[in-house]
Amino acid sequence: YSSIMIIFFFSSRRRHTRCSGVSWARRCVQETAIINLLATTGGRDKTCRFVQYLSKFLKAVFEHSAKTQNKALFKLLAERIDILGGSMGMTRKMLRLGRPLIISKNILSLVERHIEKKNSKQGSQYDKEKNVVYVSAKVLADASLALFFLWDHALAACKIGMINNEKLRLKSDFYSNFFWLTECIFGIIHNAVEIKLLHGQAAVSYTHLTLPTIYSVQISVVAVSLKKK
């Protein structure tokens with residue numbers, strides 16, 4: 001006797017096509033987002049910053065490994081990765097050229113909108129551009145950032161040898177760090193004020209939305225209890 005076994009495999013071509021189409025669309029969206037990010041000056045600056053900080057981390061790892069393992073190899077890797085980090089830092093400085101002008105324009109626009117809303121009494125009390133503390137802190141933060149960029153440009157010129165002045169280099173280094181710190185402080189202040197305003201606005205919106213719902217639920221409960229009686 002002989003027996004023959006025939007096995008049929010069925011697969012949904014439509015399902016696999018759909019899944020592959022969805023994954024392809026997602027991949028295209030991700031690639032488009034990356035391209036759009038790299039097409040902007042801010043995106044390139046963030047990419048260079050990521051490589052710069054990653055280089056600093058790898059340099060520390062290689063220097064630590066050089067103490068216990070192949071000293072010559074890891075020392076060479078640390079030197080090469082340090083050069084890469086320095087190049088990324090200098091690239092970021094070049095990408096910041098012209099940023100103080102853009103920041104100055106944004107400061108003037110913010111002040112104009114604040115004065116207009118104050119005079120015409122537009123917007124709610126939780127409008128951040130109407131709040132004096134927020135606008136003051138935002139203006140000071142942006143002004144500090146613009147001054148940081150200016151002193152950072154001078155520091156970059158000294159580092160690449162365009163300006164051979166040691167006193168200017170030290171002065172630029174000090175003031176760039178100083179204005180970076182003040183930008184951080186005023187940035188924390190205007191962010192805290194903005195969070196407070198958003199919290200107040202959300203509380204008002206939540207109250208207006210939930211009070212009718214609470215009253216309707218209470219009325220329904222009373223009606224049900226009366227029917228039971």
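What counts, and where the lines are drawn
Residues numbered from 1 in each chain as written. Predicted model: local features only at pLDDT ≥ 70, side-chain atom pairs only at ≥ 80, totals over all residues. Heavy atoms only, no water. Helix = DSSP H or I, 4+ residues; strand = E, 2+ residues; numbered from the N terminus. Buried < 20%, exposed > 50% of the residue type's maximum accessible area, 1.4 Å probe, protein only. Contact = heavy atoms within 4.5 Å. Areas by Shrake-Rupley, 256 points an atom, 1.4 Å probe, with all protein chains shown as cover. Axes fitted to C-alpha atoms, helices over the stretch in contact; angles between N-to-C directions. Parallel < 35°, antiparallel > 145°, perpendicular 65-115°, else oblique. Left-handed = near helix turned anticlockwise from the far one by under 90°. Nonpolar A, V, L, I, M, F, W, Y, C, P; charged D, E, K, R; others polar. Core = buried A, V, L, I, M, F, W, Y, C linked by side-chain atoms within 4.5 Å. pLDDT = per-residue confidence, 0-100. Phe/Tyr/Trp six-rings, centres within 6.5 Å; stacked < 30°, edge-to-face > 60°. Salt bridge = Lys/Arg side-chain N within 4 Å of Asp/Glu carboxyl O.

*Asks:* I'd love a proper account of the overall build of the chain, names of residues and values included.
*Replies:* Each helix and strand counted, the chain has 6 helices and 0 strands in total. In sequence order, the secondary structure elements of the chain are arranged as α-α-α-α-α-α. Evaluated residue by residue, the chain yields a buried proportion of 23% over its 229 residues. Sequence separation of at least 24 residues holds for 65% of the intrachain contacts in the chain that already meet a minimum separation of 6. Of the roughly 17,500 Å² of accessible surface on the chain, a fraction of 64% belongs to carbon and sulfur atoms.

*Asks:* Break down the packing of helix α4 (residues 99-120) against helix α5 (residues 132-159) for me, citing the residues and quoting the values.
*Replies:* Remark: α4 packs on α5, axes separated minimally by 9 Å, with the N-to-C direction vectors making an angle of 165 degrees. As the angle between them shows, α4 and α5 are arranged roughly antiparallel. The two elements α4 and α5 cross, and the hand of that crossing is left-handed. Packed against α4, whose contacting residues are Arg99, Pro100, Ile103, Ile107, Leu110, Val111, His114 and Lys118, the element α5 presents Val132, Val135, Lys138, Val139, Asp142, Ala143, Leu145, Ala146, Phe149, Leu150 and His153 at the interface. Taken together, the residues that form the contact of α4 with α5 break down as 13 nonpolar, 2 polar and 4 charged.

*Asks:* Report on the packing of helix α2 (residues 41-68) against helix α3 (residues 71-95), specifying residues and quantitative values.
*Replies:* It is the contact of α2 with α3, at a shortest axis distance of 8 Å, that shows an interaxial angle of 160 degrees. By the angle between their axes, α2 is roughly antiparallel relative to α3. Note on packing geometry: the crossing formed by α2 with α3 is left-handed. A per-class count over the contact of α2 with α3 returns 13 nonpolar, 7 polar and 9 charged.

*Asks:* Help me get a handle on the nonpolar core, residues and values and all.
*Replies:* Judged by nonpolar contacts, Ile103, Ile107, Leu145, Ala146, Phe148, Phe149 and Phe179 together constitute the single largest core of 7 residues. Among the secondary structure elements, those contributing two or more residues to this core are α4 and α5. The element that contributes the greatest number of residues to this core is α5, accounting for 4 residues. In contact with Phe179, other than residues within four places in its own chain, are Ser144, Leu147, Phe148 and Trp151.

*Asks:* How would you explain the confidence of the model for the chain if you had to name every residue and give the values?
*Replies:* Chain-level pLDDT for the chain is 78 on average; 77% of the residues reach the 70-or-more range. Considering each helix and strand of the chain separately, the mean pLDDT is smallest for helix α1 (residues 13-38), with a value of 65, and largest for α5, with 91. Low confidence marks residues 1-11, where pLDDT is under 50. Its contacts with residues over four positions away, or in another chain, come to 0 contacts.

*Asks:* If you had to explain the packing of aromatic side chains to someone new, which residues and values would you point to?
*Replies:* Any aromatic ring pair is given by two values, namely how distant the centres are and how the planes are angled relative to each other. For the structure on display, the rule yields 7 aromatic pairs. Here the aromatic rings of Phe148 and Phe149 are separated by 5.4 Å at their centres, their planes lie at 45 degrees, and the arrangement is tilted. Phe149 carries the same exposure label as Phe148, and that label is buried. Feature note: the residues Trp151, Phe174, Tyr175, Phe178 and Phe179 constitute an aromatic cluster, connected by ring pairs.

*Asks:* So what's going on with the environment of Gly200? Which residues, and what values?
*Replies:* Secondary-structure assignment places Gly200 in helix α6 (residues 166-228). Residues Gly200 and Tyr126, spaced 74 residues apart in sequence, show a C-alpha to C-alpha distance of 7.0 Å.

*Asks:* Account for the environment of Thr41, naming residues and giving values.
*Replies:* You can see Thr41 is positioned in helix α2. Taking the C-alpha atoms as reference, Thr41 lies 9.6 Å from Arg92; in sequence the two are 51 residues apart.

*Asks:* Please give an account of the pattern of salt bridges that cites residues and values.
*Replies:* For the coordinates displayed, the defined rule picks out 10 salt bridges. With a shortest N-O distance of 3.4 Å, Lys59 and Asp82 are connected by a salt bridge. Placement of the pair is Lys59 in helix α2 and Asp82 in helix α3, with a sequence separation of 23 residues. Given the relative accessible area of 39%, Asp82 is considered partly exposed. For Lys93, the salt bridge goes to Asp152, with nearest N and O atoms at 2.7 Å.

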